[in-house]
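The chain contents come next:
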Amino acid sequence: MENQKLIETTINFVKEKLKDAEGGHDWFHIERVYKNTLLIAKSEKCNLLVCQLGALLHDIADSKFHNGDETVGPKTAKAFLEKEKVEEDVIDHVIKIIENISFKGGNFEKKFSSIDLDIVQDADRLDAIGAIGIARCFNYGGFKNRTLHDPEIRPNMNMSKEEYKNSNSPTITHFYEKLLLLKDKMNTKTGKAIAEERHRYMEDFLKQFFAEWEGKR
């Protein structure tokens, strides 16, 4: 019961913090990742509380919206959890999840490993692919006023973390630089199975997109 009260308090905290967030990184994104986390956790031996808190707090202050500062999210989450008198080892684990969950161009080497991180990372990545992943991608592209597609701009598949953070590539290019890569980066059996389905959906979407782009039927 005590853990349930903490989860409810955390949900209210996150809703308030993200009430004005960009549509792809708002409370509803957190809620979907939270649901994905609970689904994947059913098939894994994990610390459910750590997974729940990691999912709810993983995007509390995304660096994309804080001038690239990756310390804001962990600091915000830690201050909240300390205020709620959460056990120190739980806080430490949750902070490590927040610090290591992000894609960062795909060339980022995780400095921490645990099944709880694997679960939350899969849950977050599932929300970046499939129908919702497509919608989020274009929503963020519009938010940043990016071009839909430019045939002259080729995907950069070897970006450093800094290049990835500062990239202004067209939205369609982002599919090749991130979204289509996620299927093979999933950690858990459940995550991999769901990712396969959502990956196929994105491939079908891109075929249709390019056919329409070229004026074909």
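Residues numbered from 1 in each chain as written. Predicted model: local features only at pLDDT ≥ 70, side-chain atom pairs only at ≥ 80, totals over all residues. Heavy atoms only, no water.

Draft legend 1. Representation of the packing of helix 5 (residues 88-100) against helix 6 (residues 115-126) in the model. Where helix 5 contacts helix 6, the two axes come as close as 10 Å, and the packing angle between them is 45°. Our classification of the angle between helix 5 and helix 6 gives oblique. Viewed along their axes, helix 5 and helix 6 form a crossing whose handedness is right-handed. Facing His93, Ile97 and Asn100 of helix 5, the residues of helix 6 in contact are Asp116, Leu117, Val120 and Gln121. Classifying every residue of the contact of helix 5 with helix 6 gives three nonpolar, three polar and one charged. (Axes fitted to C-alpha atoms, helices over the stretch in contact; angles between N-to-C directions. Helix = DSSP H or I, 4+ residues; strand = E, 2+ residues; numbered from the N terminus. Parallel < 35°, antiparallel > 145°, perpendicular 65-115°, else oblique. Left-handed = near helix turned anticlockwise from the far one by under 90°. Contact = heavy atoms within 4.5 Å. Nonpolar A, V, L, I, M, F, W, Y, C, P; charged D, E, K, R; others polar.)

Draft legend 2. How the structure looks around unusual backbone geometry. A positive phi angle, close to 60°, is found at lysine 85, a residue other than glycine. Looking at the secondary structure, you find lysine 85 in the loop between helix 4 (72-83) and helix 5. Exposure remark for lysine 85: the relative accessible area of 74% places this residue in the exposed category. Phi at asparagine 145 takes a positive value of approximately 55°, unusual for a residue other than glycine. Within the secondary structure, asparagine 145 is located in the loop between helix 7 (130-143) and helix 8 (161-165). Relative accessible area serves as the criterion here: at 69%, asparagine 145 is assigned to the exposed category. (Buried < 20%, exposed > 50% of the residue type's maximum accessible area, 1.4 Å probe, protein only.)

Draft legend 3. Region of the structure containing the pattern of salt bridges. The tally for this structure, following the rule as stated, stands at six salt bridges. The closest approach of N and O atoms between lysine 19 and glutamate 16, which form a salt bridge, is 2.8 Å. Arginine 136 is the salt-bridge partner of aspartate 127, the closest N and O atoms lying 3.6 Å from each other. Judged by its relative accessible area of 1%, aspartate 127 is buried. Each of the salt bridges in this network shares a partner with another, and the network as a whole consists of Arg32, Asp127 and Arg136. (Salt bridge = Lys/Arg side-chain N within 4 Å of Asp/Glu carboxyl O.)

Draft legend 4. Representation of the packing of helix 7 against helix 10 (residues 189-213) in the model. Interhelical geometry of helix 7 versus helix 10 gives an angle of 55° and a closest axis separation of 8 Å. In terms of their interaxial angle, helix 7 and helix 10 are classed as oblique. Mapping the contact onto sequence places Gly130, Ala131, Ile134 and Phe138 in helix 7 and Arg198, Tyr201, Met202 and Phe205 in helix 10. Looking at side-chain class alone, the contact of helix 7 with helix 10 contains six nonpolar, one polar and one charged residues.

Draft legend 5. Looking closely at the nonpolar core. The biggest cluster of nonpolar side chains holds 55 residues, and the ones touching the most others in it are Leu53, Leu57, Leu81, Val94 and Phe175. When residues in this core are grouped by element, the largest group, seven residues, is from helix 3 (residues 48-57). (Core = buried A, V, L, I, M, F, W, Y, C linked by side-chain atoms within 4.5 Å.)

Draft legend 6. How the structure looks around helix 1 (residues 2-17). Its 16 residues place the ends of helix 1 23 Å apart at the C-alpha level, agreeing with the 22 Å of an ideal helix rising 1.5 Å per residue. Restricting attention to buried positions, one finds in helix 1 the residues Leu6, Ile7, Thr10, Ile11 and Val14. The arc that holds the buried residues of helix 1, viewed along the axis, is 140°, so those residues lie on one side. Opposite the buried face of helix 1, by more than 90 degrees, sit the exposed residues Glu2, Lys5 and Asn12. Residues of helix 1 that are buried in the fold lie against helix 2 (27-41), helix 3 and helix 4. (Expected span 1.5 Å × (residues − 1). Arc of directions from axis to C-beta.)

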